[in-house]
Amino acid sequence: MPTTLSPLQRADGSAHHLQNGYQILVGVNGPIEVSRRDEVPEACALEITVRPATGPSKPSDKYLETRIHALLKQVVCTEEYPRTLIQITIQTLQEPSDPKATVAGRVSAALRHSAIPALTAMVNACTVSLMNANIAMNTTVSAYLAMTFANGAPQITVSIKG
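Bear in mind the structure is a predicted one, so any value in this text is a computation, not a measurement.

(A) Representation of the environment of D38 within the structure. Structurally, D38 is set in the loop between strand 3 (22-33) and strand 4 (45-51). With relative accessibility at 33%, the residue D38 sits in the partly exposed group. Between the C-alpha atoms of D38 and L85, which are 47 residues apart in sequence, the distance is 8.4 Å. Of note is the side chain of D38, whose polar atom sits 3.3 Å from the side chain of R37.

(B) Structural view of the side chain of T84. Counting through the fold element by element, T84 comes out in strand 5 (residues 84-94). Polar contacts involving the side chain of T84 include one to the main-chain carbonyl oxygen of Y81, which spans 2.6 Å. Discounting chain neighbours no more than four positions away, the residues touching T84 are P31, I32, V34, A43, C44 and A45.

(C) Just helix 1 (residues 59-75), in detail. If you check helix 1, its first and last C-alpha atoms are 25 Å apart, about what 17 residues at 1.5 Å a residue would give, namely 24 Å. Restricting attention to buried positions, one finds in helix 1 the residues S60, D61, Y63, L64, E65, I68, L72 and V75.

(D) Highlighting the pairing of strand 4. Where strand 4 and strand 5 come together, 7 bridges link them in parallel fashion. Within strand 5, the residue paired with I48 across the bridge is I88. Once the chain exits strand 4 it traverses helix 1 before rejoining the sheet at strand 5, and the crossover so formed is left-handed.

(E) Seen up close, the nonpolar core. In this structure, I68, L72, I86, I88, I90 and L130 are the most contacted members of the largest nonpolar core, which totals 29 residues. Those elements that place two or more of their residues in this core are strand 3, strand 4, helix 1, strand 5 and helix 3 (116-132). With 7 residues, helix 3 is the single largest residue contributor to this core.

(F) Spotlight on the sheet that holds strand 5. With mixed pairing, the 5 strands of this open sheet are ordered in space as 1-2-3-5-4. Lying at the two open borders of the sheet, with one neighbouring strand each, are strand 1 (3-5) and strand 4. Pairs of neighbouring strands in the sheet enclose a mean axial angle of 15°, with direction left out of account. Across 3 bridges, strand 1 lies against strand 2 (residues 13-19) in antiparallel orientation. Paired with T4 across the two strands is H16, which belongs to strand 2. Across the sheet, helix 1 is in contact with strand 4 and strand 5; its angle to strand 4 comes to roughly 145°.

So, how was this worked out
- Residues numbered from 1 in each chain as written.
- Predicted model: local features only at pLDDT ≥ 70, side-chain atom pairs only at ≥ 80, totals over all residues.
- Heavy atoms only, no water.
- Helix = DSSP H or I, 4+ residues; strand = E, 2+ residues; numbered from the N terminus.
- Buried < 20%, exposed > 50% of the residue type's maximum accessible area, 1.4 Å probe, protein only.
- Polar contact = N/O pair within 3.5 Å; in protein donor to acceptor, adjacent residues only side chain to side chain.
- Contact = heavy atoms within 4.5 Å.
- Expected span 1.5 Å × (residues − 1).
- Pairing = 2+ DSSP bridges.
- Right-handed = clockwise from strand over helix to strand, strands pointing away.
- Core = buried A, V, L, I, M, F, W, Y, C linked by side-chain atoms within 4.5 Å.
- Axes fitted to C-alpha atoms, helices over the stretch in contact; angles between N-to-C directions.

Take a look at the structure:
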């Protein structure tokens, strides 16, 4: 099974996701109280943390955090949770053994292209975890992002009934 919901007991929402040879575990906590310096009066703050499979964080992890934050800021209905914080922690449990699919250690054009498989797996895992935590999202975008494909067949189907 490519996605398992609620593998973390203490998180508000979580998912274990398999895609492109990556095993990703995501935990979502929030909305929670935010410190004064991070408070946004009209919206919630998003805190994204990417943890690698092994070793300390690299520049590539910071790049992934920035990209995921930019995307999720558009997906999450931040105005629904003013003056709060939503924490999203992304842990890579396993990377593919193919060296062409792994993220390089240096920031360059090659990094941006090699980060795409990891980025798509992480974004899909984040979206499912946010749904699991009952965080309000733009339904069109979240329904599109939650659809993953393997060999041309959908692995997660989302049905929105109005």
